[in-house]
Amino acid sequence: MSEMILVLDFGGQYKELIAGAVRKLRVYSEIRAGNICASEVKRLAPVGIILTGGPFSAHLPGSPKCDPAIFKLKIPILGICYGMQMMCHMLGGEVKSDGMGEYGRVAVRPKDPSKPEFTALMSHKDAVVRLPDGFEATAHTDTCIAACENYKLRFYGTQFHPETKHTKGGREILRHFLYDVCGASGGYKPEETIAAQIGHIQSAAGAQKVLLALSGGVDSSVCAALLAKAIPGQLTCIFVDHGFMRENEGNEIEEIFSKHRLNFIRINAKERFLAKLKGVTDPERKRKRIGEEFIRVFEEEADKQGKIPYLAQGTIYPDIVESGKEYGATIKSHHNVGGLPDSLSFTKIIEPLSGFFKDEVRVLGRKLGLPQTLVNRQPFPGPGLAIRVIGEVTEKKLSILRRADLIVREEIDALKSRPGQYFAVLTDTRSVGVKGDGRTYENVIAIRAVTTDDFMTCDYTPLGHKVLGRISSRITNEINTVSRVVYDITSKPPASVEWE
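Residues numbered from 1 in each chain as written. Predicted model: local features only at pLDDT ≥ 70, side-chain atom pairs only at ≥ 80, totals over all residues. Heavy atoms only, no water.

**Considerations on the overall build of the protein chain**
Within the protein chain, the regular secondary structure consists of 14 helices and 18 strands. The C-alpha atoms of the protein chain give 25 Å as radius of gyration, which agrees with the globular expectation for 500 residues (23 Å, within 12%). Projected onto its principal axes, the C-alpha coordinates of the protein chain cover approximately 70 × 65 × 45 Å. Counting the 500 residues in the protein chain, one finds 56% classified as buried. Taking the contacts inside the protein chain whose residues are at least 6 apart along the sequence as the reference set, 73% of them involve residues at least 24 apart. Here the protein chain displays about 22,000 Å² of accessible surface, and carbon together with sulfur accounts for 50% of that area. Across the protein chain, the 67 positively charged side chains and the 60 negatively charged ones have centroids separated by 2 Å. (Helix = DSSP H or I, 4+ residues; strand = E, 2+ residues; numbered from the N terminus. Rg over C-alpha atoms; globule rule 2.2 N^0.38 Å. Buried < 20%, exposed > 50% of the residue type's maximum accessible area, 1.4 Å probe, protein only. Contact = heavy atoms within 4.5 Å. Areas by Shrake-Rupley, 256 points an atom, 1.4 Å probe, with all protein chains shown as cover. Lys, Arg positive; Asp, Glu negative; His and termini not counted. Charge placed at Lys NZ, Arg CZ, Asp CG, Glu CD.)

**Topic: the sheet that holds strand β13 (residues 310-312)**
Strand order in this open sheet of five strands is β12-β11-β10-β13-β14, and the pairing throughout is parallel. Two strands bound the open sheet, and with one partner strand each, they are β12 (263-268) and β14 (348-350). On average, adjacent strands in this sheet sit at an angle of 25° to one another, irrespective of strand direction. Pairing geometry for strand β10 (residues 210-213) and strand β11 (residues 235-241), over four bridges, is parallel. The residue of β11 that forms the bridge with Leu-212 is Cys-237. On top of the sheet, helix α5 (residues 194-205) reaches β10, β13 and β14; it is set at about 165° to β14, its chief contact. Contacts from helix α9 (residues 283-304) reach β10, β11, β12 and β13, with the element oriented near 135° to β11. (Pairing = 2+ DSSP bridges. Axes fitted to C-alpha atoms, helices over the stretch in contact; angles between N-to-C directions.)

**Examining helix α7 (residues 249-257)**
Three or more residues of α7 are buried, namely Glu-249, Gly-250, Ile-253 and Phe-257. Angular distribution of buried residues about the axis of α7 spans 100°; they occupy a single face of the element. Structurally, α7 contributes buried residues whose contacts are with α6 (218-230), β11, β12 and α12 (372-375). (Arc of directions from axis to C-beta.)

**Things to note about the packing of α6 against helix α11 (residues 358-367)**
Put simply, α6 and α11 touch, their axes get as near as 10 Å, and they point 40° apart. Regarding the angle of α6 to α11, the classification is oblique. Considering how the two elements wind past one another, α6 and α11 form a crossing that is left-handed. From α6, Val-218, Asp-219 and Val-222 reach across to α11, where they touch Lys-358, Val-361, Arg-362, Leu-364 and Gly-365. Tallied by class, the residues present in the contact of α6 with α11 amount to four nonpolar, one polar and three charged. (Parallel < 35°, antiparallel > 145°, perpendicular 65-115°, else oblique. Left-handed = near helix turned anticlockwise from the far one by under 90°. Nonpolar A, V, L, I, M, F, W, Y, C, P; charged D, E, K, R; others polar.)

**Structural notes on the pairing of strand β15 (residues 421-435)**
Judged from the twelve bridges that link them, β15 and strand β16 (residues 438-451) form a sheet pairing that is antiparallel. Within the sheet, the bridge partner assigned to Val-425 lies in β16 and is Ala-446. Hairpin connection from β15 to β16: two residues lie between these consecutive antiparallel strands, with Gly-436 at a positive phi of about 60°.

**What to know about the packing of α5 against α6**
For the pair α5 and α6, the least separation of the axes is 9 Å and the interaxial angle reads 70°. Relative to α6, the element α5 is oriented roughly perpendicular. The two elements α5 and α6 cross, and the hand of that crossing is right-handed. Facing α5, whose interface residues are Ile-194, Gln-197, Ile-198, Ile-201 and Gln-202, α6 presents Leu-226, Leu-227, Lys-229 and Ala-230.

**A short note on the side chain of Thr-158**
If you trace the backbone, Thr-158 turns up in strand β9 (residues 155-158). A distance of 3.0 Å separates a polar atom in the side chain of Thr-158 from the backbone oxygen of Phe-160. The residues touching Thr-158, leaving out its near neighbours within four places in the chain, are Leu-78, Gly-79, Ile-80, Cys-81, Met-84, Ala-146 and Ala-147. (Polar contact = N/O pair within 3.5 Å; in protein donor to acceptor, adjacent residues only side chain to side chain.)

**Quick look at the pattern of salt bridges**
The final tally for this structure, using the stated rule, is 33 salt bridges. The partner of Glu-301 in a salt bridge is Lys-304, and the shortest N-O contact between them spans 3.9 Å. Residue Glu-301 and its partner Lys-304 are both found in helix α9; the two are separated by three residues, about one turn of the helix. Residue classification places Lys-304 among the exposed positions, given a relative accessible area of 64%. Taking the shortest distance from any N to any O, the salt bridge between Arg-448 and Asp-488 comes out at 3.4 Å. (Salt bridge = Lys/Arg side-chain N within 4 Å of Asp/Glu carboxyl O.)

**Comments concerning the nonpolar core**
Ranked by internal contacts, the top residues of the largest apolar core, which has 111 residues, are Ile-49, Leu-212, Val-240, Phe-244, Phe-298, Leu-353 and Ile-475. Counting residues per element, this core draws most heavily on α6, which supplies eight residues. Discounting chain neighbours no more than four positions away, the residues touching Leu-353 are Asp-219, Val-222, Cys-223, Leu-226, Thr-315, Ile-316, Tyr-317, Val-361 and Leu-364. Ranked by size, the runner-up nonpolar core spans 23 residues in total, among them Ala-19, Ile-80, Ala-184 and Phe-357. (Core = buried A, V, L, I, M, F, W, Y, C linked by side-chain atoms within 4.5 Å.)

**Regarding helix α3 (residues 82-90)**
Most of α3 is tucked away: seven of the nine residues are buried. Every buried residue belonging to α3 is among Tyr-82, Gly-83, Met-84, Gln-85, Met-86, Met-87 and Cys-88, and all of these are buried. With its phi angle positive at about 110°, Gly-92 sits one or two positions after the end of α3.

**Quick notes on the packing of aromatic side chains**
Centre distance and the angle of the planes are the two values used to describe a pair of aromatic rings. Following the criterion strictly, the structure yields eleven aromatic pairs and no others. Measuring from ring centre to ring centre gives 5.8 Å for Phe-71 and Phe-155, while their planes differ by 65°; the resulting arrangement is edge-to-face. With Phe-71 in the loop between β3 (48-51) and β4 (77-80) and Phe-155 in strand β9, the pair connects residues that are 84 residues apart, well separated along the chain. Like Phe-155, Phe-71 is buried. Considering the side-chain rings of Tyr-156 and Phe-177, the 6.5 Å spacing of their centres and the 75° angle between planes classify their relative orientation as edge-to-face. Placement of the pair is Tyr-156 in strand β9 and Phe-177 in helix α4 (residues 170-181), with a sequence separation of 21 residues. An aromatic cluster of at least three residues, connected via ring pairs, comprises Phe-244, Phe-273, Phe-294 and Phe-298. Residue placement shows Arg-246 over the ring face of Phe-380; its charged tip is 4.0 Å from the ring centre. Above the ring of Phe-423, the side-chain terminus of Arg-388 is found at 3.7 Å from the ring centroid. (Phe/Tyr/Trp six-rings, centres within 6.5 Å; stacked < 30°, edge-to-face > 60°. Lys NZ or Arg CZ within 6 Å of the ring centre and 35° of its normal.)

Structural data, given as structure tokens:
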């Protein structure tokens, strides 16, 4: 790439949003560890640097810091939240904890009287109480310095998060930094990276055979299209039906991919996956056991196909982030990342989409000629319904959930405007009800529907009461073992999209 914004990661939960927001403004971005050395930054030659937030206190010993020499590279820098605090602390300012902090949408007042007050997303317990020499405050809230700058050095800081949609005018703030401060020219388009990705795949695979873990979802399908274009004749696609798919989904996936020029193999492994989850209730253990069993099936099939040495996966960047990386906390282990076992018989794992976000993967899919029905398919987790059954997974529970989930999808699919993702969850709660003048004590189904464009944050979708009423009526009437239906109205954060 001719120009790049380097996002230095200090464990902030929104680092992908930062990188994604930069790319949406048509400037290429890369995320690197916050402790990257200045010489490496100089070699990468970014037009600008963004320092992310993080769950640390910049003034305490042991808190992560960037290489101090970065501040001498004469590269524009934007510090966000912890990034601003760390920059100010390292340059001679003072950071303290006031014991209260600010969380959620907060009113921000610019110093310039001609600029109106706006709301911004805050999430901090510490604050800058004294700026370094040469810096001035450019905005305040009732309790803290909300933004600052050293115009001469081109160093800027925001205590709030301009990368989130909850900050009014946040996109314009980032645009100003990218184009007016850093001098970016723009022009980045994810679809133009297809040729580069094909080159990377060919270089990584060489003449070796590659086994692709194909789930039938957007990510693995786009990965399949890329691999088929890059290494025709070397690819074998394995679809493992672990028994946790939605109603008739396994057959639908087989029908779609068996028509393509792919070496497609379906493995029905329901019994062995159920056996692995017997007695397991902890969601992390579920994910890790499913991830390990996937690998064991792939290893067995690789041997049957002539000892295929390389494994390919449709891993995208949010999978890696939520599974924990560098300073970040583990939100949940994705079966294809944190769920992988320590020992693998494969000599290499190829993940051509690991640097892309979901919206960019969809763009690549359209450019590669995949059908809209597949490209626009709502996300479905690799562990499937196993992490939408709260508690131990059994075939009986899966049967209940499949029917409830089908009803949810049928009703919401009929709407003109649909959420980004919607599904049912079989909770581990039972509830008293009345059916046929008799007392029941049966299962509770939760409905989840969210609106999002990046799947790193989301708002719950305010479905109409008529829709929710139809769903509830159908589920409780068509499934005898359900006595109550509830609707999840929690956004992300603080919740995740999935319940487990």
